[in-house]
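Structural description and commentary
The residues making up each chain are set out below.
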Amino acid sequence: MVLSEELARGTPEAFIFRQEFAIVRRDGSVQLTLLPEWGQRVLDKRWATVHPLVRYLAGALPPQHLVVFAPQDARELRVVQRIVLAAYFYALGGLPEDEQPLLKALLQGKGG
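Now for a look at the structure at hand. (Residues numbered from 1 in each chain as written. Predicted model: local features only at pLDDT ≥ 70, side-chain atom pairs only at ≥ 80, totals over all residues. Heavy atoms only, no water.)

Regarding the overall build of the chain
Our working rule: Helix numbering and strand numbering both begin at the N terminus, where a helix is a DSSP run of H or I of at least 4 residues and a strand a DSSP run of E of at least 2. Note on contacts: a residue pair is in contact if any heavy atoms of the two residues lie within 4.5 Å. Using the Shrake-Rupley algorithm and a 1.4 Å probe, accessible areas are obtained, with residue cover drawn only from the displayed protein chains.
Of regular secondary structure, the chain possesses four helices and four strands. For the chain, the succession of helices and strands along the chain, N to C, is β-β-α-β-α-β-α-α. Once local pairs closer than 6 in sequence are excluded, the contacts in the chain between residues at least 24 apart make up 52%. Only carbon and sulfur atoms are counted for the fraction: they give 54% of the accessible area of the chain, which is about 6,700 Å².

A few points about helix 3 (residues 74-92)
Note: α-helices contain 3.6 residues per turn, so residues at a spacing of three or four share the same orientation. Here is the rule we go by: One less than the residue count of a helix, multiplied by 1.5 Å, gives the span that helix is expected to have. Any residue under 20% of the maximum accessible area for its type is buried, any over 50% is exposed, and the rest in between are partly exposed; the area is computed with a 1.4 Å probe on protein chains only. Whenever two N or O atoms come within 3.5 Å, that pair is a polar contact, provided that in protein one can donate a hydrogen and the other can accept it, and provided that, for residues adjacent in sequence, both atoms are side-chain atoms.
With 19 residues, helix 3 extends 27 Å from end C-alpha to end C-alpha; this agrees with the ideal 27 Å at 1.5 Å per step. For helix 3, every residue scored as buried is listed here: Val-79, Val-80, Ile-83, Val-84, Ala-86, Ala-87, Phe-89, Tyr-90 and Ala-91. Between the side-chain oxygen at the start of helix 3 and the backbone nitrogen of Arg-75 there is a gap of 3.2 Å, and the oxygen is on Asp-73. Following helix 3 by one or two positions, Gly-93 has its phi on the positive side, about 105°.

Quick look at unusual backbone geometry
One non-glycine residue, Arg-18, lies in the positive phi region at around 50°. For Arg-18, the location among the structural elements is in the segment before strand 1 (22-24). The class of Arg-18 is exposed, set by a relative accessible area of 67%. One non-glycine residue with positive phi stands out, namely Arg-46, at about 65°.

Comments concerning the side chain of Ser-29
By the secondary structure assignment, Ser-29 is in the loop between strand 1 and strand 2 (30-33). In this structure Ser-29 comes out as buried when scored by relative accessible area, which is 4%. In terms of polar contacts, Ser-29 uses its side chain to reach the side chain of Asp-27, at 2.6 Å. With near-sequence residues (within four places) excluded, Ser-29 lies in contact with Ile-23, Val-24, Val-67, Val-68, Phe-69 and Ala-70.

Topic: the packing of aromatic side chains
Applied cut-off: Pairing of aromatic rings covers Phe, Tyr and Trp, the last counted by its six-membered ring, and requires centre-to-centre distances within 6.5 Å; plane angles under 30 degrees mean stacked, over 60 mean edge-to-face, and any other angle means tilted.
Taken as a whole and assessed by the stated rule, the structure comprises two aromatic pairs. Ring geometry for Phe-21 and Tyr-88: centres 5.8 Å apart, planes at 55°, overall tilted. A residue pair is termed long-range when its members are at least 10 positions apart, and Phe-21 in the segment before strand 1 and Tyr-88 in helix 3 qualify at 67 residues. You can call Phe-21 buried: its relative accessible area is 4%. Relative accessible area serves as the criterion here: at 29%, Tyr-88 is assigned to the partly exposed category.

What to know about helix 1 (residues 36-44)
Put simply, the rule reads: When we speak of the arc, we mean the arc of directions from the helix axis to the C-beta atoms.
Looking only at helix 1, the buried set comprises Trp-38, Gly-39 and Val-42. The buried residues of helix 1 occupy one face: seen down the axis, they fall within an arc of 95°. Taken from the residues just after helix 1, Arg-46 is the one with a positive phi, measuring 65°.

Dropping the structure here:
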């Protein structure tokens, strides 16, 4: 998933490469980046793991690069959609006021 240059206002750590902020893999998992505090909540809920290059090649990727597990049912798909939306807002450079309740619900594990 790639943003246009004019929309890609996030910090460099919000992107995988240039304006790319997420990659949906063949197996259904999603590589993306999140703000560290958002990413920690996603990791704590066990919806993702740290990208292998972060672990094995220190400095190859910033620590907020994650691989979100492929959803196995409709409920998990809704959770993954919200995580991707959080990555999208990170890449945009901020969270619109009207979307803050959605992200708060995600981080608290509600909904979906």
